[in-house]
Amino acid sequence: ATESGMDPRSLFQYELAIAAASEQTAKAVGHKAPEEAFIAGLLQDIGLLFLLHHYPREYRRVIQHEHKHGTLQEAEREVFGIDHAEAGGYLAETWRLPEYVIAAIKEHHDNDHPAEKDTLSNIVRLAVLLTNDHFSGYETQIEKRLEQINRISGLLSISKSTVDSISSSLLSSTIATADFLGKP
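Note that the structure is predicted; figures quoted are calculated from it, not measured.

K.L.:
What is the right way to look at the overall build of the protein chain in this model?
P.N.:
Looking only at helices and strands, the protein chain features eleven helices and zero strands. By its C-alpha atoms, the protein chain is 40 × 35 × 35 Å across when sized along the principal axes. For the protein chain, the accessible area works out to roughly 9500 Å², and carbon and sulfur atoms hold 52% of it. When the 17 positive and 27 negative side-chain charges of the protein chain are each reduced to one mean point, those points stand 1 Å apart.

K.L.:
Help me understand the pattern of salt bridges, please; the structure alone is not making it clear to me.
P.N.:
Pairs can form between side chains of opposite charge once their charged atoms are near each other. Counting across every chain of the model gives six salt bridges. Salt-bridge contacts for K106 lead to E93; the nearest nitrogen and oxygen are separated by 2.6 Å. Separated by 13 residues along the polypeptide, K106 in helix α7 (residues 99–106) and E93 in helix α6 (residues 84–94) bring together distant segments of the chain. The partly exposed category is assigned to E93, whose relative accessible area is 35%. Residues E147 and R151 are paired through a salt bridge, measuring 2.6 Å at the closest nitrogen-oxygen approach. Of this pair, E147 and R151 both sit in helix α9 (residues 142–155), four residues apart, which is roughly one turn of the helix.

K.L.:
Can you walk me through the packing of aromatic side chains in this structure?
P.N.:
Aromatic rings considered in pairs are described by the distance between their centres and by the relative angle of their planes. Under the counting rule described, the total for this entry stands at two aromatic pairs. Measuring from centroid to centroid gives 5.9 Å for Y55 and F80, while their planes differ by 55 degrees, and the two rings are tilted. Linking Y55 in the loop between α3 (46–54) and α4 (56–63) with F80 in helix α5 (residues 72–80), this pair joins segments that are 25 residues apart in sequence. Here the aromatic cluster, defined as three or more aromatic residues joined through ring pairs, consists of Y55, Y59 and F80.

K.L.:
Got a minute to help me understand the nonpolar core in this structure?
P.N.:
Generally speaking, soluble globular proteins have nonpolar side chains that are buried together. In terms of nonpolar packing, the biggest core is built from 40 residues, with M6, Y59, V62, L126 and L130 touching the most fellow members. Counting residues per element, this core draws most heavily on helix α8 (residues 119–130), at eight residues. With residues up to four places along the chain from it excluded, the contact list for L126 reads T25, I149, I152, S153, L156 and I158.

K.L.:
When you look at α6 in this model, what are you seeing that I'm missing?
P.N.:
Think of an α-helix as turning once every 3.6 residues; residues three or four places apart then point the same way. Regarding α6, the residues found buried are H84, A85, A87, G88, G89, L91 and A92. Close packing links the buried residues of α6 with α3, α5 and α7. N-capping of α6 is provided by D83, with a side-chain oxygen placed 2.9 Å from the backbone N of A85. A positive phi of about 60 degrees marks R96, the residue just after α6.

K.L.:
Help me out: how do you make sense of a nonpolar patch on the surface in this one?
P.N.:
Side chains of F12, F180 and L181 sit close together on the surface and give an oily, nonpolar patch of about 330 Å² of accessible area. Turning to its location among the elements, F180 is positioned in helix α11 (residues 170–180). Note on F180: relative accessible area 71%, which makes it exposed.

Cut-offs used in this document
- Residues numbered from 1 in each chain as written.
- Predicted model: local features only at pLDDT ≥ 70, side-chain atom pairs only at ≥ 80, totals over all residues.
- Heavy atoms only, no water.
- Helix = DSSP H or I, 4+ residues; strand = E, 2+ residues; numbered from the N terminus.
- Areas by Shrake-Rupley, 256 points an atom, 1.4 Å probe, with all protein chains shown as cover.
- Lys, Arg positive; Asp, Glu negative; His and termini not counted.
- Charge placed at Lys NZ, Arg CZ, Asp CG, Glu CD.
- Salt bridge = Lys/Arg side-chain N within 4 Å of Asp/Glu carboxyl O.
- Buried < 20%, exposed > 50% of the residue type's maximum accessible area, 1.4 Å probe, protein only.
- Phe/Tyr/Trp six-rings, centres within 6.5 Å; stacked < 30°, edge-to-face > 60°.
- Core = buried A, V, L, I, M, F, W, Y, C linked by side-chain atoms within 4.5 Å.
- Contact = heavy atoms within 4.5 Å.
- Polar contact = N/O pair within 3.5 Å; in protein donor to acceptor, adjacent residues only side chain to side chain.
- Patch = residues over 30% accessible without salt bridge, like charges linked within 9 Å, V, L, I, M, F, W, Y side chains within 5 Å.

Below is the structure:
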């Protein structure tokens with residue numbers, strides 16, 4: 001990933017944090033299988049990993065903000081004609097993952113049109129919103145991000161105090177997940 005200009009360690013920590021936040025959120029909403037949420041959280045950026053692995057030089061253009069866009073997805077579409085969520089969805093379909101996991105991967109950044117009944121997608125969306133992206137250089141404005149967190153947590157019927165609890169425990173949860181996986 002270094003040829004792409006992206007720090008692999010930061011990316012790995014980010015992915016683990018999303019997986020941990022997905023699992024915690026799933027437990028908070030009483031989801032029947034929190035481990036599925038963990039896996040969906042871990043897989044949500046599989047399209048990003050695909051693009052980084054197969055097109056590192058092109059991805060450098062995205063990271064270097066060669067195209068002045070507001071979001072990572074807009075910059076990816078400019079460079080590749082597709083964003084990493086779409087690419088991940090295609091990979092998940094090819095691998096014949098369950099439809100609800102495919103939806104979570106495809107929709108993890110679609111915060112303007114969340115599905116009221118799609119709990120797993122909303123769990124992963126919220127996890128992404130609660131996790132800081134320190135690797136891409138693209139960040140959502142704080143006001144918009146807070147509005148999206150409020151909307152998605154409302155759809156999941158999660159209180160503000162529960163969201164705050166999940167958010168404040170992300171560092172320790174990420175470290176515990178890394179330890180579990182044997183990665184410091």
